[in-house]
Amino acid sequence: MSLVLDPAAQDLLFREAHTANTFSDEPVTEEQVQAIYDLVKFGPTAFNQSPLRVILVRSPEARERLVAHMSEGNQAKTAAAPLVAILAADNEFHEELPRLFPAFPQAKDAFFSERTSRESAATLNASLQAGYFIVGIRAAGLAAGPMTGFDPAGIQKEFLDGDHTPLAVVNIGKPGDGAFYPRSPRLAFDEVITTV
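Small disclaimer: the values here were computed from a predicted structure and weren't measured.

Reading the values: the criteria
- Per chain, the residues get numbers from 1 upward, laid out in the order the sequence is written.
- Only residues with pLDDT of at least 70 are given local features in this predicted model, and only at 80 or more are side-chain atom pairs given and counted; all residues enter the totals for whole chains, interfaces and linings.
- Excluded from the side-chain calculations are hydrogens and water; all other atoms, namely the structure's heavy atoms, are used.
- Each helix is a run of DSSP H or I of at least 4 residues and each strand a run of E of at least 2, with the numbering of both proceeding from the N terminus.
- To sort residues, take the accessible area from a 1.4 Å probe on protein chains only and compare it with the maximum for the residue type: under 20% means buried, over 50% means exposed, and anything in between is partly exposed.
- Note on areas: Shrake-Rupley, 1.4 Å probe, and residue coverage restricted to the protein chains presented here.
- When charges are counted, Lys and Arg are positive and Asp and Glu negative, with His and the chain ends excluded.
- All charge positions are set by atom: Lys at NZ, Arg at CZ, Asp at CG, Glu at CD.
- Any residue with relative accessible area above 30% and no salt bridge may belong to a patch, with like charges joined within 9 Å and the nonpolar Val, Leu, Ile, Met, Phe, Trp and Tyr side chains within 5 Å.
- Salt bridges are counted wherever a side-chain nitrogen of Lys or Arg sits within 4 Å of a carboxyl oxygen of Asp or Glu.
- Paired strands, in this sense, are two strands between which DSSP finds at least two bridges.
- The convention used is that axes are lines fitted to C-alpha atoms, helices contributing only their stretch in contact, and that angles between N-to-C directions extend from 0 to 180 degrees.
- Here, two residues are considered to be in contact whenever any of their heavy atoms come within 4.5 Å of each other.
- By nonpolar core is meant a set of buried Ala, Val, Leu, Ile, Met, Phe, Trp, Tyr and Cys residues that side-chain atoms within 4.5 Å join together.
- Side-chain rings of Phe, Tyr and Trp (the six-membered ring for Trp) are treated as a pair once their centres are within 6.5 Å; stacked means planes under 30 degrees apart, edge-to-face means over 60, and tilted covers the remaining angles.
- An angle below 35 degrees is treated as roughly parallel, one above 145 as roughly antiparallel, one from 65 to 115 as roughly perpendicular, and anything else as oblique.
- Take the far helix as your reference; a near helix turned counterclockwise from it by less than a right angle gives a left-handed crossing, and one turned clockwise gives a right-handed crossing.
- Asp, Glu, Lys and Arg are counted as charged, while Ala, Val, Leu, Ile, Met, Phe, Trp, Tyr, Cys and Pro are counted as nonpolar; the rest, among them Gly, fall into the polar class.

Caption draft 1: The overall build of the protein chain, seen in detail. Looking only at helices and strands, the protein chain has nine helices and four strands in total. Once the C-alpha set of the protein chain is aligned to its principal axes, its extents read approximately 50 × 50 × 35 Å. Burial statistics for the protein chain: of 196 residues in total, 38% are counted as buried. For the protein chain, the accessible surface area stands at approximately 11,200 Å², while carbon and sulfur atoms represent 57% of it. Counting 16 positive and 25 negative side-chain charges, the protein chain places the averaged centre of each group 1 Å from the other.

Caption draft 2: Just a nonpolar patch on the surface, in detail. Side chains of Leu187, Phe189, Val192 and Ile193 sit close together on the surface and give an oily, nonpolar patch of about 450 Å² of accessible area. Here Leu187 lies in the loop between strand S4 (164-173) and helix H9 (189-192).

Caption draft 3: Inspection of the sheet that holds strand S3 (residues 143-147) at higher detail. Sheet architecture is open: four strands sit in the order S1-S2-S4-S3, paired in antiparallel fashion. The sheet terminates laterally at strand S1 (52-57) and S3, the two strands that pair on one side only. Recorded for the sheet is a direction-independent mean angle of 30 degrees between the axes of neighbouring strands. Across six bridges, the pairing between S1 and strand S2 (residues 83-90) is antiparallel. Residue Val54 lies in a different strand from S2, and its bridge partner there is Leu87. With respect to the sheet, helix H8 (residues 152-159) is in contact with S2 and S4, its orientation differing from that of S4 by roughly 90 degrees.

Caption draft 4: Quick look at the nonpolar core. Residues Leu87, Phe133, Ile137 and Ile172 are the most contacted members of the largest nonpolar core, which totals 25 residues. Secondary-structure elements contributing two or more residues to this core are helix H2 (30-40), S2, helix H6 (107-112), helix H7 (115-139) and S4. With 18 residues, the next largest nonpolar core counts Ala62, Ala81, Leu160 and Val169 among its residues.

Caption draft 5: How the structure looks around unusual backbone geometry. Not every positive phi belongs to a glycine, and Phe47 is a case in point at roughly 55 degrees. Along the polypeptide, Phe47 turns up in the loop between H2 and S1. For Asn48, which is not a glycine, the phi torsion comes out positive at approximately 55 degrees. You can see Asn48 is positioned in the loop between H2 and S1.

Caption draft 6: Examining the packing of aromatic side chains more closely. One pass over the structure, following the stated rule, counts six aromatic pairs. When the ring of Phe47 is compared with that of Phe111, the centres are 5.1 Å apart and the planes differ by 35 degrees; the resulting orientation is tilted. Placement of Phe47 in the loop between H2 and S1 and of Phe111 in helix H6 is noted, with a sequence separation of 64 residues between them. Note on Phe47: relative accessible area 26%, which makes it partly exposed. Centre to centre, the rings of Phe47 and Phe112 are 5.6 Å apart; their planes meet at 90 degrees, and the pair counts as edge-to-face. Of the two residues, Phe47 is situated in the loop between H2 and S1 and Phe112 in helix H6; the sequence distance between them amounts to 65 residues. Look at Phe112 and you get buried, because its relative accessible area is 6%. What links up through ring pairs into an aromatic cluster is the set Phe47, Phe93, Phe101, Phe104, Phe111 and Phe112.

Caption draft 7: Representation of the side chain of Glu92 within the structure. Structurally, Glu92 is set in the loop between S2 and helix H5 (97-100). Not counting chain neighbours up to four residues away, the residues in contact with Glu92 comprise Arg115, Arg118 and Asp163.

Caption draft 8: Geometry of the packing of helix H1 (residues 7-15) against H7. The contact between H1 and H7 brings their axes to 9 Å, and the two run at 130 degrees. Between H1 and H7, the interaxial angle falls into the category oblique. As H1 runs across H7, the sense of the crossing is right-handed. Mapping the contact onto sequence places Leu12, Leu13 and Phe14 in H1 and Val135, Arg138 and Ala139 in H7. The class makeup of the residues in the contact of H1 with H7 is five nonpolar, no polar and one charged.

Everything listed here is a matter of coordinates, which is why it stays silent on function.
The structure is reproduced here in structure tokens:
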């Protein structure tokens, strides 16, 4: 085996992990979310820009507002999940670069003075961080139900501002009965990997 990660951890993070569609009633604590973030914040982003922003939707009133913007097939599971997170890209991430990338604090103005450049970089790098976040949820022994079936403009207006772009909504918790659909096929190594 070429991997150094314990096989049980490989299973937890990847092989046995599925997108969850139902959850138990067991709550997800602030301590669990803190532990997840404290792990995944070390995942790499360009210039260490770290543009992901996470809005935890806990209150019944906020949950109701969120569910109204979810696609019909995602509404019931979003309403019932113990915790829901809105993952968004901060398009003004460059304001933090002098602190986050002290090796080259001029990167803020040298590369990201234009809004279009920032939006492109924020979307790419926050999407990377969203992947880290999902793996972090799994590392905490929880299940994730990431979704992109929602009204982005509605969620932006309801929970964000013009400087933040919603990327995904993630239901989080312990899986419930019938949480997982059968595993879908994956592409084989030689369909994806090319050596030149």
